[in-house]
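Here is what each chain is made of, one letter per residue.
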Amino acid sequence: MTVERKVTITAIAREAGVSVPTVSRVVNGRSDVAPTTRARVEELLQRHGYRRRPPTPPGRAGLLDLVFNDLDSPWAVEIIRGVEEVAHASGVGTVVSAIHDRSGPARQWLDNLRARASDGVILVTSALEPVLHKELHRLGVPITVVDPAGTPSLGVPTIGATNWAGGMAATEHLLELGHRRIGFITGPARLLCSRARLDGHRAALESAGIPADDSLIVPGDFYHESGFTGCQVLMDLAAPPTAVFAASDQMALGAIEALRRRGLRVPEDVSVIGFDDLPEMRWCSPPLTTVRQPLAEMGKLAARTALRMARGETIESPRLELATELLVRASTAAPAVRD
């Protein structure tokens, strides 16, 4: 079997004996290249089967569009912070929008995008609808997706974190402390990151020889209220868990409040662990044990990727995952001895 290798602008420049910016100018149809140099580069591009991106419309405004489903979450602020840092350093502005997975706002956003001629689009926890993808492709606007909702489209770079490994690490921590009945509050089932965290949790239980118990898995949506409600459901079981793993920090805070209202202490009576490591988690009471996903770094990488694509550069790795890290604080401990 022959593996097709994608040629890069850097490789073309090396073979032609010219600079990368010179090749980029040829690729983008710029006129400020000597005819003999242009002919040599064009010949190499054709020989290696270099695939040009659709031509960039004139009048780009030096902007990146950053699009969320919702903006009422602290983790959205962390991603914005990362994108803005890279954009600012590159002399590019950032336009932040929320389209709520509804066709009306999405159409309005597309109309606005056409008017401002952004250099690239970063979608966060969104499904890349075929109509949206087709229109962005027609406009020549490169797309990058952070934490895709479903299977990403071919040719669209995606940025994520090692959610499966993070889910496994959190559960292994609780198992090492001695917990055997561990409740899990999920994120939205439509998101790949949610399913990966749950799969990692299940893998850790299986490796430890702990039988699966579906009653210990309750649905959530990453927000406080679902963590509160989910923890209530878990604590109402005939044999409630001694630890709760919430698939987001916000749900973990909701779970802690549900336990407090029942007169249960964290971690003396029930351990709680979250996922995200939002900045305030080290200051809550007790400080939350959690899995850190590098949200700001994900935003930075997404912005760099979008800007590279806007310059006509080839992205070698279409799927990039940044490492998660377990941070042990005061909300987890060995299970209490019960009579």
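Further up the page is the structure itself.
The structure displayed is predicted, hence computed values, not measured ones. By convention here, each chain's residues receive numbers from 1 onward along its written sequence. Whole-chain, interface and lining totals are the exception, using all residues; otherwise, since this is a predicted model, local features are given only for residues with pLDDT of at least 70 and side-chain atom pairs are given and counted only at 80 or more. Hydrogens and water are ignored here; the side-chain numbers use all heavy atoms of the structure.

Novice: Got a minute to help me understand unusual backbone geometry in this structure?
Specialist: Most peptide bonds take the trans configuration, and most residues that are not glycine carry a negative phi. Put simply, V266 and P267 share a cis peptide bond, and its omega is 10°. Each helix is a run of H or I in the DSSP string that is no shorter than four residues. Each strand is a run of E no shorter than two, and both are numbered from the N terminus. Structurally, P267 is set in the loop between α10 (249-261) and β9 (271-276). A cis amide bond links S285 to the next residue, P286, at an omega of -5°. Position of P286 among the secondary structure elements: in the loop between β9 and β10 (289-292). The phi torsion at F222 lies on the positive side, around 85°, for a residue other than glycine.

Novice: Quick question: what am I supposed to make of helix α7 (residues 163-177) here?
Specialist: It helps to recall that an α-helix has 3.6 residues per turn; residues three or four apart then point in one direction. To estimate the expected span of a helix, subtract one from its residue number and multiply by 1.5 Å. Across its 15 residues, α7 extends 22 Å between first and last C-alpha, which sits within 8% of the 21 Å expected from 1.5 Å per residue. Burial classes follow relative accessibility: with a 1.4 Å probe on protein chains only, a residue under 20% of its type's maximum area counts as buried, one over 50% as exposed, and anything between as partly exposed. For α7, the set of buried residues is N163, G166, G167, M168, A170, T171, H173, L174 and L175.

Novice: I tried to follow the packing of aromatic side chains on my own but got confused; where do I start?
Specialist: Two rings from Phe, Tyr or Trp (for Trp, the six-membered ring) form a pair when their centres are within 6.5 Å of each other. A pair whose planes differ by under 30 degrees is stacked, one over 60 is edge-to-face, and the rest are tilted. Under the defined criterion, the tally for this structure stands at two aromatic pairs. Look at F68 and W75: their rings are 6.3 Å apart centre to centre, the planes differ by 55°, and that puts the pair in the tilted class. Here the two residues F68 and W75 agree in accessibility, since each one is buried. Summarising the aromatic geometry, the rings of F184 and F245 are spaced 4.9 Å apart at their centres and angled 85° between planes, so their arrangement reads as edge-to-face. Pair noted here: F184 is in strand β6 (residues 182-185) and F245 is in strand β8 (residues 243-246), with a separation of 61 residues, a long-range link. Given a relative accessible area of 0%, F184 falls into the buried group.

Novice: What's the story with the sheet that holds strand β11 (residues 319-322) in this structure? I'm lost.
Specialist: What links the strands of a sheet is backbone hydrogen bonding, and the strands pair in either a parallel or an antiparallel sense. Within the open sheet, the six strands sit side by side as β2-β1-β3-β4-β5-β11. Their pairing is parallel. Strand pairing shows two members of the sheet lacking a second neighbour, β2 (93-98) and β11, which therefore form its edges. Here the average twist between neighbouring strands, direction ignored, is 20°. Bridging between strand β3 (residues 120-124) and strand β4 (residues 143-146) involves four bridges; their strand directions are parallel. From the neighbouring strand, L123 faces β4, where its bridge partner is V145. Any two residues whose heavy atoms approach within 4.5 Å at even a single point are treated as in contact. Comment: axis = line fitted to C-alpha atoms, over the contacting stretch for helices; angle = value between 0 and 180 degrees taken between N-to-C directions. Most of the contacts of helix α4 (residues 74-89) go to strand β1 (residues 63-68), to which it runs at about 170°, and overall it touches β1, β2, β3 and β4. Any two strands are treated as partners once DSSP identifies two or more bridges connecting them.

Novice: How should the pairing of β10 be read in this particular structure?
Specialist: Within a regular strand, the side chains alternate between the two sheet faces. Inspection of the sheet shows β9 paired to β10 by four bridges, in the parallel sense. Within the sheet, the bridge partner assigned to G274 lies in β10 and is T290.

Novice: I'm lost on the environment of M168 in this one. Help?
Specialist: Position of M168 among the secondary structure elements: in helix α7. Distance from M168 to R197, taken between C-alpha atoms, is 7.4 Å for residues 29 residues apart in sequence. Those residues within four positions of M168 in sequence are excluded, and the remaining contacts are G200, H201, A203, A204 and S207.

Read these as spatial facts, not as claims about activity.
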